[in-house]
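# Structural features, examined
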Amino acid sequence: MSSSFSGDETAPFFGFIGAAAALVFSCMGAAYGTAKSGVGVASMGVMRPELVMKSIVPVVMAGVLGIYGLIVAVIISTGINPKAKSYYLFDGYAHLSSGLACGLAGLAAGMAIGIVGDAGVRANAQQPKLFVGMILILIFAEALALYGLIVGIILSSRAGQSRAD
């Protein structure tokens, strides 16, 4: 009973779960951040409609989180090709950890952006001097997702280094 497959047969499962985790968790963070910030923008727009376009910044920053997850998911999924190159459990676990690092960092950043964005745009409507402070806090929250993206790319690049083929 010979097979053309070399490597561990269950390893691609972990790799694909990593790709899915990167995209799903990042998009959950993006969705939460967009929804929570959007509620703040809508509420603030009733009082000060001229500030609505200026207050869209948290919504845009939350949307970028989904792109981070998409990038890592594509990197992972292109690295899973057991027919072309042996794919071992080490590779699957590297891709799983890559997806989880990016996805969960994106989820956490989305929650932070949503909460800060909601409170920030409402406060900005009452005191315009708070805008720069709100933007700085949003940048630091976005940086959390960027850290996850960087670590995810580094972990994903470790796949394929388990054995010399």
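Residues numbered from 1 in each chain as written. Predicted model: local features only at pLDDT ≥ 70, side-chain atom pairs only at ≥ 80, totals over all residues. Heavy atoms only, no water.

## Regarding the overall build of the protein chain
What counts is decided by this rule: Put simply, DSSP H or I for four residues or longer makes a helix, DSSP E for two residues or longer makes a strand, and each gets a number counted from the N terminus. The globule rule is 2.2 Å times the number of residues to the power 0.38, and the radius of gyration it is compared with is taken over C-alpha atoms. Any residue under 20% of the maximum accessible area for its type is buried, any over 50% is exposed, and the rest in between are partly exposed; the area is computed with a 1.4 Å probe on protein chains only. Note on contacts: a residue pair qualifies if any of its non-hydrogen atoms lie within 4.5 Å across the two residues. Per-residue and other accessible areas follow the Shrake-Rupley method at a 1.4 Å probe size, with only the shown protein chains counted as cover for residues.
Scanning the protein chain from terminus to terminus reveals 4 helices and 0 strands. In the protein chain, the order of α-helices and β-strands from amino to carboxyl end is α-α-α-α. Its C-alpha atoms give the protein chain a radius of gyration of 20 Å, more than 25% over the compact-globule value 15 Å for 165 residues. Expressed as lengths along the three principal axes of its C-alpha atoms, the size of the protein chain is roughly 75 × 20 × 15 Å. With 165 residues in all, the protein chain has 41% of them scored as buried. Long-range contacts, defined here as pairs at least 24 residues apart, represent 87% of the contacts in the protein chain between residues at least 6 apart. For the protein chain, the exposed area adds up to about 8,500 Å²; of that, 73% sits on carbon and sulfur atoms.

## Considering the nonpolar core
As a reminder of what qualifies: Here, the term nonpolar core denotes a set of buried Ala, Val, Leu, Ile, Met, Phe, Trp, Tyr and Cys residues that are joined through side-chain atoms within 4.5 Å.
Counting 25 residues, the largest nonpolar core has Leu65, Tyr68, Val72, Ile113, Met134 and Leu138 as the members making the most contacts within it. At the level of elements, α1 (11-47), α2 (57-78), α3 (89-126) and α4 (131-157) are the ones that each hand at least two residues to this core.

## What to know about the environment of serine 43
Note on placement: serine 43 falls in helix α1. By relative accessible area, which is 26% here, serine 43 ends up partly exposed. As a C-alpha pair, serine 43 and valine 74 span 31 residues in sequence and 37 Å in three-dimensional space.

## Considering the UniProt feature "domain: V-ATPase proteolipid subunit C-like" (unreviewed entry) in the protein chain
Keep this limit in mind: UniProt positions are given in the numbering used here, feature names are shortened, and annotations may be inferred rather than shown by experiment.
UniProt records the feature "domain: V-ATPase proteolipid subunit C-like" (unreviewed entry) at residues 17-76 and 97-155, using the numbering of this structure. Secondary structure over residues 17-76 splits into 85% helix and 0% strand, and the C-alpha atoms at its two ends are 10 Å apart. For residues 97-155, the helix share is 93%, the strand share is 0%, and the end-to-end C-alpha distance is 7 Å.

## Topic: the packing of α2 against α3
Test applied: Inter-axis angles, ranging from 0 to 180 degrees, are taken between N-to-C directions of lines fitted to C-alpha atoms, where helices are fitted over the stretch in contact. Oblique is the label for any angle not under 35 degrees, not over 145, and not in the 65 to 115 range, which are roughly parallel, roughly antiparallel and roughly perpendicular in turn. Residue classes follow a fixed rule: Ala, Val, Leu, Ile, Met, Phe, Trp, Tyr, Cys and Pro count as nonpolar, while Asp, Glu, Lys and Arg count as charged, and any other residue, Gly among them, counts as polar.
Closest axis-to-axis distance for the α2/α3 pair is 9 Å, and the angle between their directions is 175°. As the angle between them shows, α2 and α3 are arranged roughly antiparallel. Taking contact as the criterion, the partners of Pro58, Met61, Ala62, Leu65, Tyr68, Gly69, Val72 and Ile76 in α2 are, on α3, His95, Ser98, Gly99, Cys102, Gly106, Ala109, Gly110, Ile113, Gly117 and Val121. Looking at the contact of α2 with α3, its residues break down into 11 nonpolar, 7 polar and no charged.

## A short note on the packing of aromatic side chains
The geometry of an aromatic ring pair is captured by the separation of the ring centres together with the interplanar angle, meaning the angle of the planes. Under the convention used in this document: Each pair of aromatic rings taken from Phe, Tyr and Trp, with Trp reduced to its six-membered ring, is defined by centres within 6.5 Å and is described as stacked if the planes are under 30 degrees apart, edge-to-face if over 60, and tilted in the remaining cases. Charge over a ring is defined by NZ of Lys or CZ of Arg lying within 6 Å of the ring centre and within 35 degrees of the ring normal.
For the structure shown, the criterion picks out 2 aromatic pairs. A centroid spacing of 5.4 Å and a plane angle of 75° characterise the contact between phenylalanine 13 and phenylalanine 14, whose relative ring orientation is edge-to-face. Since its relative accessible area comes to 52%, phenylalanine 13 is described here as exposed. Among the aromatic residues, ring-to-ring pairing joins Phe13, Phe14 and Tyr93 into one connected group. One cation-aromatic arrangement involves lysine 54 over phenylalanine 131; the distance from NZ or CZ to the ring centre is 4.5 Å.

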